Amino acid sequence: MEIQLDILESLGVAIFAFILGSFIKNRVNFFQKFFIPAPVIGGLIISLINLILNQTGFGFFKFDEVIQDFFMNIFFTCIGLACSFKVLKKSGRLGIKLAFAIILLLPLQNLLSVALTYIFGINPLLGVAMGSTSMTGGIGSAVSFGKIMEGYGAINSTSIGVAAATFGILIGSLVGGPVASRLISRNNLKSAGTKVLDTDKKNIRPINQKTLMDAIIVIGLASFLGTFINRILALTSLNFPYYVGCQFGGLITRNIYDLVKKDSHIDNIEILGNISLNLFLSLALINLNISAILGLALPMLVIMLAQAIFIGIYTSLVTFNLTGRDYDAAVMVAGHCGVGLGQTPNAIANMEAIIEKEGPADVAMFVLPIVLAIAVNLFNPIVITFFINFLK
């Protein structure tokens, strides 16, 4: 028996999942060490309870997806608003080379996982779900593109993509450090010491009604612009998820603000984006179909391990060589492994672990987060969309 919950009921359960996840994460060192998001922890528990209720005949809860899509689109609008070409320019030629290494990895991840799906005899679109969609894209990307793939017959793509992204978060913190340490040791690399870099960061302003309202106005204008971009994208033969228009709306709005030298209120936008992400993840995870994941346990495990091995080899050969073969390049390898399998926090944590042991890498710490924000968020949706439309 299906029990349909409305918008407010679904939001209430999602908030409870977030509270539960935060409570557990604050008390379990494992979740803190591997940067597992609180909504993922709480959401998985609610999904497990829902699975048990369904298997024992009590019925299951179906949560409203409209509010989930709302928070997803707001989050990706905020991601777009963080993409400042003015800031990217400061990373120079090194940033361009790093961006190339990051972008080149995206189709290769999909080719690897799709090839393995043919070996296992499963829908190749599930390979896309377990490729750059979930690995570099993360849980948010897995949910949004999963719905499109399910529309093309790849049953349970969303649940499988979320599971792959969650696995990636775990393994992303395990691969980067050893790969970078091996490069440092083999090439006898040393830290150049601390350098002074102009990061152009302003002091964060206090949060109040006015500053939040200013940020909401920018987000609202950017997402409104995104609706028109979506109408243009709909004229193409490619099926883009709705959030892509919102993301490009954010990018255009941010760079217009930069061009006219107007404050984009990015500090408060980042806060609102993080809040939207937490609520979006909570809503996505409580609606996760765990039974579908269990049915593909072996193929998923093989594909995830193959992704981990591949990215270790790729970053050693491509990222390291393109970014200069020096100490900072090795630290960026650790970061690229983290984000290529997990999320940005994994990347930063991997880099900080190397720095704590081997010494400062200020160039790497400045360049990588900026390039990641633009290269991944701009190009991954395009790569994923190409593969979906080619394989559908």
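Residues numbered from 1 in each chain as written. Predicted model: local features only at pLDDT ≥ 70, side-chain atom pairs only at ≥ 80, totals over all residues. Heavy atoms only, no water.

- Looking at an unreviewed UniProt entry, one finds the protein chain named Sodium/glutamate symporter and attributed to Anaerococcus martiniensis.
- Taken directly from UniProt, the Sequence similarities (unreviewed entry) text for the protein chain runs: "Belongs to the glutamate:Na(+) symporter (ESS) (TC 2.A.27) family." (UniProt positions renumbered as here; feature names shortened; annotations may be inferred.)

## Things to note about the nonpolar core
In step 1: Core analysis: the largest hydrophobic core is formed by 102 residues, its most contacted members being Val 128, Met 130, Ile 139, Met 149, Val 175, Met 300 and Ile 388.
In step 2: Per-element accounting of this core gives the leading share, 15 residues, to helix H17 (residues 362-391).
In step 3: In contact with Val 175, other than residues within four places in its own chain, are Ala 308, Ile 311, Gly 312, Cys 337 and Leu 341.
In step 4: Within the second largest apolar cluster, 10 residues are counted, among which are Cys 78, Leu 81, Val 218 and Leu 272. (Core = buried A, V, L, I, M, F, W, Y, C linked by side-chain atoms within 4.5 Å. Buried < 20%, exposed > 50% of the residue type's maximum accessible area, 1.4 Å probe, protein only. Helix = DSSP H or I, 4+ residues; strand = E, 2+ residues; numbered from the N terminus. Contact = heavy atoms within 4.5 Å.)

## Quick word on unusual backbone geometry
In step 1: One non-glycine residue with positive phi stands out, namely Asn 156, at about 65°.
In step 2: Along the chain, Asn 156 falls in the loop between helix H8 (138-151) and helix H9 (157-186).
In step 3: Positive phi, close to 60°, is recorded for His 265, a residue that is not glycine.
In step 4: Relative to the elements of secondary structure, His 265 occurs in the loop between helix H11 (242-259) and helix H12 (266-286).

## Some words on a nonpolar patch on the surface
In step 1: Among the surface-exposed residues, Ile 119, Phe 120, Leu 298 and Val 302 lie close enough to one another that they form a single nonpolar patch of about 370 Å² accessible area.
In step 2: Those elements that place two or more of their residues in the nonpolar patch are helix H6 (92-120) and helix H14 (297-322).
In step 3: Of note, Phe 120 is situated in helix H6. (Patch = residues over 30% accessible without salt bridge, like charges linked within 9 Å, V, L, I, M, F, W, Y side chains within 5 Å. Areas by Shrake-Rupley, 256 points an atom, 1.4 Å probe, with all protein chains shown as cover. Salt bridge = Lys/Arg side-chain N within 4 Å of Asp/Glu carboxyl O.)

## Some remarks on the environment of Ser 159
In step 1: Considering the arrangement of structural elements, one finds Ser 159 in helix H9.
In step 2: Look at Ser 159 and you get buried, because its relative accessible area is 5%.
In step 3: When the C-alpha positions of Ser 159 and Ile 293 are compared, they lie 6.6 Å apart, and in sequence the two are 134 residues distant.

## Digging into the pattern of salt bridges
In step 1: The tally for this structure, following the rule as stated, stands at five salt bridges.
In step 2: A salt bridge links Asp 214 to Lys 210, with the nearest nitrogen and oxygen atoms 2.9 Å apart. Taken together, the residues Asp 214 and Lys 210, both in helix H10 (residues 209-233) and four residues apart, mark about one turn of the helix.
In step 3: Residue Lys 210 is classed as exposed on the basis of its relative accessible area, which comes to 57%.
In step 4: Through salt bridges with shared partners, a single network forms among Lys 62, Glu 65, Asp 69 and Lys 147.

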